[in-house]
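Breakdown of the fold
Spelled out from the first residue to the last, the chains are:
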Amino acid sequence: MAGRVHPRQLAFALSHAESLTRDNFLEGPANAAGLALIDRWPDWPNRVMLLLGPEGAGKSHLAAIWAEESGARSIATHALTATEVPGALATGALVIEDLRSGDIDERALFHLLNLAREDGAFVLMTARELPTEVELRDLRSRLRAVPTVQLLPPDDHLFRALIVKFCADRQLVVDEAVVSYLATRLERSYAAVRRAVELLDTEALRLGRPVTRALAAELLRGGA
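The following refers to the structure shown. (Residues numbered from 1 in each chain as written. Predicted model: local features only at pLDDT ≥ 70, side-chain atom pairs only at ≥ 80, totals over all residues. Heavy atoms only, no water.)

Moving on: the packing of helix H6 (residues 156-169) against helix H7 (residues 176-185). Between two packed helices, what matters for the description is the angle formed by their axes and the separation of those axes. Across the interface, H6 lies against H7 with an axial gap of 10 Å and an inter-helix angle of 125°. One way to sum up the angle between H6 and H7 is to call them oblique. Judged by the sense of rotation from one axis to the other, the crossing of H6 with H7 is right-handed. Counted together, Phe 159, Arg 160, Ile 163 and Val 164 of H6 and Glu 176, Val 179, Ser 180, Leu 182 and Ala 183 of H7 form the full contact between these two elements. Its residues assigned to classes, the contact of H6 with H7 comprises six nonpolar, one polar and two charged. (Axes fitted to C-alpha atoms, helices over the stretch in contact; angles between N-to-C directions. Helix = DSSP H or I, 4+ residues; strand = E, 2+ residues; numbered from the N terminus. Parallel < 35°, antiparallel > 145°, perpendicular 65-115°, else oblique. Left-handed = near helix turned anticlockwise from the far one by under 90°. Contact = heavy atoms within 4.5 Å. Nonpolar A, V, L, I, M, F, W, Y, C, P; charged D, E, K, R; others polar.)

Position of Glu 106 relative to the elements: it lies in helix H4 (residues 106-119). Buried within the structure, Glu 106 lacks any salt-bridge partner; Arg 140 is the closest side chain of opposite charge, at an N-O distance of 6.6 Å. In this structure the side chain of Glu 106 is engaged in a polar contact, spanning 2.9 Å, whose partner is the backbone nitrogen of Glu 135. (Buried < 20%, exposed > 50% of the residue type's maximum accessible area, 1.4 Å probe, protein only. Lys, Arg positive; Asp, Glu negative; His and termini not counted. Salt bridge = Lys/Arg side-chain N within 4 Å of Asp/Glu carboxyl O. Polar contact = N/O pair within 3.5 Å; in protein donor to acceptor, adjacent residues only side chain to side chain.)

Below, the discussion takes up the pairing of strand E5 (residues 122-127). With respect to burial, E5 is a largely interior element, six of its six residues being buried. Of the two faces of E5, the one carrying Phe 122, Leu 124 and Thr 126 and the one carrying Val 123, Met 125 and Ala 127 are both buried. When strand E2 (residues 48-52) meets E5, the two strands line up parallel, connected through five bridges. Within the sheet, the bridge partner assigned to Leu 52 lies in E5 and is Ala 127. Inspection of the sheet shows strand E4 (residues 93-97) paired to E5 by four bridges, in the parallel sense. Opposite Ile 96, over in E5, you have Met 125 as the bridge partner. The β-α-β motif built from E4, the intervening H4 and the parallel element E5 has right-handed crossover chirality. (Pairing = 2+ DSSP bridges. Right-handed = clockwise from strand over helix to strand, strands pointing away.)

Structure below.
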């Protein structure tokens with residue numbers, strides 16, 4: 001696992017855009033079940049699966065890996081309408097991203113799940129939590145029956161690796177002192193790491209300063 005930071009100076013030359021390939025996925029106990037699900041396809045316990053996890057936990061990354069492997073199309077939940085349903089399963093596999101109460105066209109989703117069952121198509125849905133405010137009773141029952149795989153908060157090694165990866169995605173040069181400082185002071189969540197690295201990047205550019213432990217301390221004390 002790539003959780004340990006060995007070199008004193010960590011310099012990267014990656015594009016700012018986050019890479020969603022399998023090679024760039026950080027593995028750890030927190031996401032092992034999700035990765036196992038992707039690797040197990042097409043031998044899934046059900047053709048429709050739900051991947052649950054907090055913001056930034058890697059749901060979209062895992063979905064992108066699976067989409068590449070399966071040829072799946074991808075659609076955001078709020079974009080799924082009745083007119084989209086007939087073509088959504090054209091490849092026999094579909095990712096539905098960010099399933100949450102209030103964003104669902106319930107009849108469209110219910111129709112799509114029925115069509116997937118009839119056609120033997122695979123559907124991978126992602127969500128932070130299982131939607132609870134679903135008015136259509138049949139859809140509510142159907143969603144409750146979908147097997148779920150849970151992504152957990154990061155352990156120590158994965159947390160440090162996330163700091164390094166998010167810095168790499170932004171081409172930030174950081175040393176181990178910065179990584180250690182952030183790892184011991186940030187909230188233990190994926191979203192907190194992303195926000196902190198974005199702030200470091202923005203402020204370092206604005207101030208014309210390198211990303212150092214001192215800069216990180218200034219920003220975190222300022223309410224980062």
